[in-house]
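Next come the chains, spelled out residue by residue.
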Amino acid sequence: TNFGCSAYTNLVSAMDFDMDAFKVVFSNALLFLLVFGIAGTVDTSDFKRQFRNKTGIFVGLGCQFFVMPFMGFVCCKLFDLPNH
């Protein structure tokens, strides 16, 4: 006899879902809540003041589109990651 193991097996197969998809959705939801919480603490006057600071905007854009991709490339070459 199987001592009720078939009921457990049927329950697990009925709940068959993709754990990888769950991890992606869950991590994206947590990231959204984190960014939303941080954005909720910014005052509009602070935001306007930051837009007047052109140096900060250009440094941020330069880092986002030049420094970070270059550092990613360097890390891929340094750790000898495979091409996909």
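Structure shown above.
Report on the accompanying structure. (Residues numbered from 1 in each chain as written. Predicted model: local features only at pLDDT ≥ 70, side-chain atom pairs only at ≥ 80, totals over all residues. Heavy atoms only, no water.)

### Comments concerning the packing of aromatic side chains
Filter applied, for reference: Pairing of aromatic side chains here covers Phe, Tyr and the six-membered ring of Trp, requires ring centres within 6.5 Å, and sorts the geometry by plane angle: under 30 degrees stacked, over 60 edge-to-face, intermediate tilted. Under the DSSP-based scheme used, a helix requires at least four consecutive residues in state H or I and a strand at least two consecutive residues in state E, with every element numbered from the N terminus. Relative accessibility decides the category of a residue: with a 1.4 Å probe and only protein chains considered, values under 20% of the type maximum give buried, values over 50% give exposed, and everything between is partly exposed.
Tallied over the entire structure, the rule returns 3 aromatic pairs. The interplanar angle of 20° and the centroid separation of 5.7 Å between the aromatic rings of F32 and F36 together place this pair among those described as stacked. In this pair, F32 and F36 both sit in helix α2 (residues 19–39), 4 residues apart, roughly one turn of the helix. Judged by its relative accessible area of 54%, F32 falls in the exposed class. The exposure class assigned to F36 is exposed, which follows from its relative accessible area of 56%. Ring centres of F47 and F51 lie 5.0 Å apart, and the angle between their planes is 85°; this geometry places the pair in the edge-to-face category. Residue F47 and its partner F51 are located together in helix α3 (residues 44–52), separated by 4 residues, close to a single helical turn. Here F51 falls in the partly exposed class, since its relative accessible area comes to 47%.

### Looking at a nonpolar patch on the surface
For clarity, the cut-off: Residues enter patches when their relative accessible area tops 30% and they take part in no salt bridge; the joining distance is 9 Å for like charges and 5 Å for the nonpolar side chains Val, Leu, Ile, Met, Phe, Trp and Tyr. Here the open area of atoms and residues is found with the Shrake-Rupley method and a 1.4 Å probe, where only the protein chains shown may cover a residue. Whenever a carboxyl oxygen of Asp or Glu lies within 4 Å of a side-chain nitrogen of Lys or Arg, that contact is scored as a salt bridge.
There is a patch of nonpolar side chains on the surface, built from F58, L61, F65, F66, V67, F70, M71, F73, V74, L78, F79 and L81 and spanning about 1300 Å² of accessible area. Relative to the elements of secondary structure, L78 occurs in helix α4 (residues 54–78). Taking relative accessible area as the criterion, L78 reaches 63% and is therefore assigned exposed.

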